[in-house]
Amino acid sequence: MCGISGTFAPDGRLDRSLCVAMHNRLTHRGPDEAYSLNTASLSVKLARLGMIGLQDGWQPVEEASGRFVALTNGEIYNADRLFEELGIPRPSGNGVDVAILPELVARHGIKGLEKIDGQFATVIYDRKENALYLARDRFGICPLFFSEVENCIHFCSELKPLVQAIRHPWRLDYTAVDQYFSLGNVVAPKTLVEHVSAVEPGCAVRFDENGRKTLRYWRYGMFSSEKGPVDVEALREAMKESISMRLHSDVEIGAYLSGGFDSTAILMDAASMSKKTMKSFSVTFNDPMLDEGRFQRSVAATAGSVHHEIRCFPEDIAERFEKMVRHCCFPQRETYNVSAMMLSEHVHGAGIKGVVSGEGADELFFGYDSYAFDSIKRGPRMECAQNEQAWGRADFSWEVDHDRVEKRRQNFLSESARQEIIGREFWRHRLIPYSDDELKGLSPMQLRSIADVYVQLGGHLLGDHGDSMVMANSIEGRYPFLGNGVVSLALRVPDQEKVVNFEGKACLKTAYRDTVPETVTNRAKHGFTAYDLKSIVDDTLWRTWHDMVASVGALNVECMAEASTAHLKEKWDFRLGAISLSMIVDELGLRC
């Protein structure tokens, strides 16, 4: 993966120094090489993290007619198959897999991106029409942000370089603030910065002299069992193929190992396929309620991987929390991103440039406890108009308790911020890319799966927890559960084969019954988490963070008192959200 930055001015009045300013803040994403694409109206740079085509690969790439040219961050795992499908050879002498991208667009338009099995954020320029496309992969593994300022479109792989490089009176986006304090996430296209948007997963945004238009080429959630039941062996073969594709690289690929089912399944298969002995990487804690070290070590021994552990202590969280927040500029509801950043730092130190990881399994195969509750047949669910606007179904609220959300606003936001939110509440915009009619036939579990993918997986697990933490140390994350073949089968598996006897991912566990140790398969789900706020702060640090929250006009400083939040019995400590939001406002110089 790499880092993209650039500026597009349809009228040709272009300041190329802005692209350079953003690029210079992205070297951690691509320390190996730098590429440029320049036309009369466009200036783009790519900071490359070389994974494939190290000796014979370069960008930008263009298709045969020369009309479409692209700079791309990411990996196209099925590039060879796509070249065969199009009936064309690879570009002579160029070994990069992303060379297929402009060819697909030339032949099939933006809809051609649906054929890609991989992860990417790409800039595609149409020379004939002087039009720019910014596009992301199906699940939004690779980030891409943009803003329109004074008739120019500025875009970047990270939020912070864009905001810091482009001089503009940036302001806090109160809908995004409400999304965070209501959902625990910020959902694309929203960001914390007003007038800065994230390209949505499965979408391309087209810009030309007439304005902009968002084009969706794929969406998750087209559930269907019309092709008959899914054989568990077919599911296992799809996983093997997906893992094999994500191990293909000119550099060594390692594996993250949490000790849970998802990462264990991947490591067991990856270790059997890899030409080299796999290296696995885990975080351990000195709190036995958090630590999964014994499971990790047992799995690594069974898989035969060379295992690396990094120990995370409360003082590590205290020392690094602010640095982590100021890097990713995304509000935090827990502290575990610090341990994730420490882990990628260790991977980099071990000479590894990419890791496979288990994100996506819970969302696609119904692994969270909430799916088990949804599997129970109940009477009519409570309905409300806000749910219908947000989710398309009045009887579906995802993880939102509207009374609790209102109390949270009262506790955490200042009076002026609450006034700003009126008319901009999170529920006023559809959060998933489906119409009311399309959602009518979905089961509660299927609807939850769609919401989990667009609200939690794309916004958080693949975003600030995924891309931001691995790329901070020049590491690429790869996610076999999100391979096209696996996703296609997951959408065909009936609900009752995913959740059996209140246990999620049942079909996956059956598929891996002869591979994953029973001690892992049978253990209760253990979400990845780290130390709580009480464990990491002393009086000095607390005063510093308290003063930072007090300095932000959007926040209610009284929220820092434990008594102000205890009665809500929250799943997360939203004081961390207030603390991290204050750091982001300061880092980006946002007006409130």
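Above this text you will find the structure in question.
Worth saying up front: this structure is predicted, and the values here are computed from it rather than measured.

Procedures and definitions
Residues numbered from 1 in each chain as written. Predicted model: local features only at pLDDT ≥ 70, side-chain atom pairs only at ≥ 80, totals over all residues. Heavy atoms only, no water. 1 Å grid on protein atoms, 1.4 Å probe; cavity = no way out; pocket = protein on both sides within 12 Å on 5 of 7 lines; lining within 4 Å. Points joined across faces, edges and corners; volume = space filled by probe spheres on them. Helix = DSSP H or I, 4+ residues; strand = E, 2+ residues; numbered from the N terminus. Nonpolar A, V, L, I, M, F, W, Y, C, P; charged D, E, K, R; others polar. Phe/Tyr/Trp six-rings, centres within 6.5 Å; stacked < 30°, edge-to-face > 60°. Buried < 20%, exposed > 50% of the residue type's maximum accessible area, 1.4 Å probe, protein only. Lys NZ or Arg CZ within 6 Å of the ring centre and 35° of its normal. Pairing = 2+ DSSP bridges.

Enquirer: Sorry if this is basic, but what is going on with empty space enclosed by the protein here?
Expert: It is a probe the size of a water molecule, rolled over the atoms, that shows where empty space is left. Across all of its chains, the model carries three cavities of 30 Å³ or more by this definition. What lines the largest cavity is a set of 17 residues, and nearest its centre among them are C2, R48, Q59, G74 and V96. The leading source of residues in the lining of the largest cavity is strand β5 (residues 68-76), at three residues. Within the lining of the largest cavity, the residues separate by chemical class into nine nonpolar, five polar and three charged.

Enquirer: For this particular structure, what's the right way to read the packing of aromatic side chains?
Expert: Each aromatic ring pair is characterised by the separation of its centres together with the angle its planes make. One pass over the structure, following the stated rule, counts 18 aromatic pairs. Where F8 meets Y125, the ring centres are 6.3 Å apart and the plane angle is 65 degrees; that geometry is what we call edge-to-face. With F8 in strand β1 (residues 3-8) and Y125 in strand β6 (residues 118-126), the pair connects residues that are 117 residues apart, well separated along the chain. For F8, a relative accessible area of 0% puts it in the buried group. Taking relative accessible area as the criterion, Y125 reaches 6% and is therefore assigned buried. Plain terms: the ring middles of F139 and Y220 are 6.0 Å apart, the flat faces sit at 45 degrees to each other, and that makes the pair tilted. Placement of the pair is F139 in the loop between β7 (131-136) and β8 (145-149) and Y220 in the loop between β12 (211-216) and α6 (232-247), with a sequence separation of 81 residues. The residues F139 and Y220 share a single accessibility class, namely buried. Over the face of the ring belonging to W572 we find R333, whose NZ or CZ atom lies 3.9 Å from the ring centre. Above the ring of F295, the side-chain terminus of R523 is found at 3.8 Å from the ring centroid.

Enquirer: I'm lost on the pairing of β8 in this one. Help?
Expert: Residues in a regular strand project their side chains so that they alternate between the two faces of the sheet. For β8, the tally of buried residues reaches four of five residues, placing the bulk of the element in the interior. The sheet contact formed by β8 and strand β9 (residues 152-156) spans five bridges and is antiparallel. The residue bridging E148 from the neighbouring strand is I153, located in β9. With antiparallel pairing between neighbouring strands as the criterion, β8 and β9 make up a hairpin whose turn holds two residues, including E150 at a positive phi of roughly 50 degrees. Inspection of the sheet shows β8 paired to strand β10 (residues 197-198) by two bridges, in the antiparallel sense. Paired with F145 across the strands is A198, a residue of β10.

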